[in-house]
Amino acid sequence: MQLIDFINTDKDLPISGVTSDSRQVRKNYLFAALTGSKMDGSQFIADAIAHGASIILADEGAALPEDAPEHVQIINDKNPRQAFAKIAAKFYKIQPENIVAVTGTSGKTSTVSFVQQIWHLSGITKCASLGTLGL
């Protein structure tokens, strides 16, 4: 996979995987240091590098640790979450035609189960659900 389409560089950057979880990083992975509601992903850059990340995707202003190996590169983006989504879609080419997400504080599992059953029984589409009850 070449990220040349997504970043402003003249170098080819081969990667073997992408993740936003530093614990899941392996050799030559791209690690997306995304800011969440409770944690700032840039706090995990050093851990991702220690696990083998060769490319770090982060907010503008984020930097590599001073002791980072020379081969590790950082891509600063004003919207790293969107960039990560595009990179992941390019890396993992097989995508469902439709994806539906259910959010809220109560009733998500039931709603997903009901909708999945309705779609399956009506033959509208092939469907699956992923959630706290499994796949």
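Up top you'll find the structure we're talking about.
Every value quoted in this text rests on a predicted model; they were computed, and no experiment measured them.

*Asks:* Hey, could you run me through the pattern of salt bridges in this one?
*Replies:* Two side chains of opposite charge can pair, provided their charged atoms sit close to one another. One pass over the full model with this rule turns up 1 salt bridge. Taking the shortest distance from any N to any O, the salt bridge between Asp-21 and Arg-23 comes out at 3.0 Å.

*Asks:* Sorry if this is basic, but what is going on with unusual backbone geometry here?
*Replies:* Most of the time, phi is negative for any residue but glycine, and the peptide bond is trans. Positive phi, normally seen in glycine, also occurs at Asn-28, with a value near 65 degrees. Mapped onto the elements of the fold, Asn-28 is located in the loop between strand S1 (17–19) and strand S2 (29–33). Residue classification places Asn-28 among the partly exposed positions, given a relative accessible area of 32%.

*Asks:* Before we go on, may I ask you to explain a nonpolar patch on the surface in this structure?
*Replies:* On the surface, Val-100, Val-102, Phe-114, Val-115, Ile-118, Trp-119 and Ile-124 cluster together to form a nonpolar patch covering roughly 640 Å² of accessible area. Looking at the secondary structure, you find Ile-124 in the segment after helix H3 (108–122). Note on Ile-124: relative accessible area 60%, which makes it exposed.

*Asks:* Any chance you could explain the sheet that holds S1 here in plain terms?
*Replies:* Strand pairing in a sheet takes place through backbone hydrogen bonds and is either antiparallel or parallel in direction. Reading across the sheet, the 4 strands line up as S1-S2-S3-S4 and stay open at both edges, with parallel pairing between neighbours. The open sheet has two free edges, formed respectively by S1 and strand S4 (73–77), since each of these has just one partner strand. With direction set aside, neighbouring strand axes in the sheet form an average angle of 20 degrees. Pairing geometry for strand S3 (residues 55–59) and S4, over 5 bridges, is parallel. Bridging from a neighbouring strand, Leu-57 pairs with Ile-75 of S4.

*Asks:* Just to check I follow, could you spell out the nonpolar core for this structure?
*Replies:* A general tendency of soluble globular proteins is for nonpolar side chains to be buried together. Residues Phe-31 and Ile-56 are the most contacted members of the largest nonpolar core, which totals 13 residues. Those elements giving two or more residues to this core turn out to be S2, helix H1 (45–50) and S3. If you look at the next biggest cluster of nonpolar residues, it comprises 12 residues, including Ile-15, Val-18, Leu-30 and Ile-75.

*Asks:* I would appreciate a short explanation of helix H2 (residues 80–91) in the present structure.
*Replies:* In an α-helix, one turn spans 3.6 residues; hence positions three or four apart end up facing the same way. End to end, H2 covers 16 Å across 12 residues, agreeing with the expected 16 Å (1.5 Å per residue, within 8%). When H2 is considered as a whole, its buried residues turn out to be Pro-80, Ala-83, Phe-84, Ile-87 and Ala-88. Mapping the buried residues of H2 onto a view down its axis gives an arc of 135 degrees, with all of them on the same face. Next to the buried residues of H2 lie S1, S2, S3 and S4.

Calculation rules
Sequence order sets the numbering: in each chain, residues are counted from 1 along the sequence as written. Per-residue local features of the predicted model are confined to residues with pLDDT of at least 70, and side-chain atom pairs are confined, for both listing and counting, to 80 or more; whole-chain, interface and lining totals are unaffected and use all residues. Based on all heavy atoms of the structure, the side-chain values leave hydrogens and waters out of the count. Salt bridges are defined as contacts in which a side-chain nitrogen from Lys or Arg sits within 4 Å of a carboxyl oxygen from Asp or Glu. Secondary structure counts use DSSP, requiring at least four H or I residues in a row for a helix and at least two E residues in a row for a strand, with both numbered from the N terminus. Only protein chains enter the area calculation, which uses a 1.4 Å probe; residues under 20% of their type maximum are buried, those over 50% are exposed, and those in between are partly exposed. Without a salt bridge and with relative accessible area above 30%, a residue can belong to a patch; like charges are then joined within 9 Å and nonpolar side chains (Val, Leu, Ile, Met, Phe, Trp, Tyr) within 5 Å. Only the protein chains shown count as cover for residues, with accessible areas throughout obtained via the Shrake-Rupley method and a probe of 1.4 Å. Two strands are said to pair when DSSP picks up at least two bridges between them. Every angle, taken between N-to-C directions, lies between 0 and 180 degrees, and every axis is a line fitted to C-alpha atoms, over only the stretch in contact when it is a helix. Residues grouped as a nonpolar core are buried Ala, Val, Leu, Ile, Met, Phe, Trp, Tyr and Cys residues, joined through side-chain atoms within 4.5 Å. Helices are assigned an expected span. That span is 1.5 Å times one less than the residue count. By arc we mean the arc of the directions from the helix axis to the C-beta atoms, nothing more. Here a residue-residue contact requires only that any non-hydrogen atoms of the pair lie within 4.5 Å.

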